[in-house]
2 protein chains.
Amino acid sequence: MTVSLRELRALPGFDDTLLTEGCPTRVVLDHVTSKWGVLVLLALSDGTHRWGELRRAVDGISEKMLAQTLRTLEGDSLVLRDAHPTIPPHVEYSLTASGRELVDRMLPLVEWIARNADRMLPAAP
Amino acid sequence: MTVSLRELRALPGFDDTLLTEGCPTRVVLDHVTSKWGVLVLLALSDGTHRWGELRRAVDGISEKMLAQTLRTLEGDSLVLRDAHPTIPPHVEYSLTASGRELVDRMLPLVEWIARNADRMLPAAP
DNA sequence: CTGTATCCGATGGGATACTG
DNA sequence: CAGTATCCCATCGGATACAG
């Protein structure tokens, strides 16, 4: 198990440029860990959802940010957009295989935070 | 293994209010997944570091954001600040036990992104 | 229903200068 | 060395209106 950034950089295929400014890893990391990126990916962990469902599922998100977040994640090959050319429109969003793999690794992190968040914030942050 | 947000909310101790606006989980999640939060935590995964070391280790971070990020993470009980009252000042930062647990769950996610980021960004995002 | 367009305020975040 | 203080701009992000 990798337990530090130093070890990660020492693995075959990596070097010290990992996570330097502008490197692809940091770009994707920024998208995934953006304010709404995590929450949209988590919402899609349940399976396929329509636009309106996501809008309601991700508490507090605006239409603008939902659209923007979905487009970014789609551009990162993490989310699949499936539009049915009907009237009214019907569009379904789901995780790609990559998205599924990523969410599998994100859930343990979120679960740990959910279990511990309460006792981590003494006063108001 | 938990594979979806729905399942996570169904676990004992959780409910549908998990990850709604303003809930503690979301507050901590926002700190941890902030632009610099992830990178500072990763830098500390190697062990104890001084201010200047962190400044150089986290490529591109400004003094202002390093200070702000460290204070936030300290407030979340993830980072320990150990100041020696000497001249010149000597301050060491390290992960708390909680921070270590969190980083253990963050590294698999980062490692997966590092392995896959290259083939996920076709053009310029 | 699924978005886009526009406006605008809030916040993030960098550069620089300065201090104990 | 380890920060703080200040200025300032760019981006984030919400509200609203509107379109296909």
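Residues numbered from 1 in each chain as written. Chains lettered and ligands numbered in written order. Predicted model: local features only at pLDDT ≥ 70, side-chain atom pairs only at ≥ 80, totals over all residues. Heavy atoms only, no water.

Draft legend 1. Up close: the pairing of strand 3 (residues 90-95) of chain A. All names here are of chain A. Note: strand 1 (residues 49-50) against strand 3, 2 bridges, orientation antiparallel. By the bridge assignment, H49 is partnered in strand 3 with Y93. Bridge count for strand 2 (residues 79-84) against strand 3 is 6 bridges, and the pairing is antiparallel. Residue pairing for strand 3: D82 is matched across the bridge by E92. What sits between strand 2 and strand 3 in their antiparallel hairpin is a turn of 5 residues. (Pairing = 2+ DSSP bridges. Helix = DSSP H or I, 4+ residues; strand = E, 2+ residues; numbered from the N terminus.)

Draft legend 2. Focus on the sheet that holds strand 2 of chain A. Ordered in space as 1-3-2 (chain A), the 3 strands form an open sheet in which the pairing is antiparallel. The sheet is open, and its two borders are formed by strand 1 and strand 2 of chain A, each paired with just one other strand.

Draft legend 3. Fine view of helix 5 (residues 63-75) of chain A. All names here are of chain A. Between its first and last C-alpha, helix 5 extends 18 Å over 13 residues, near the 18 Å set by a 1.5 Å rise per residue. Here the buried face of helix 5 lies against helix 3 (37-44), helix 4 (51-57), strand 2 and strand 3. In the segment just after helix 5, S77 is the residue with positive phi, at about 65°. (Expected span 1.5 Å × (residues − 1). Contact = heavy atoms within 4.5 Å.)

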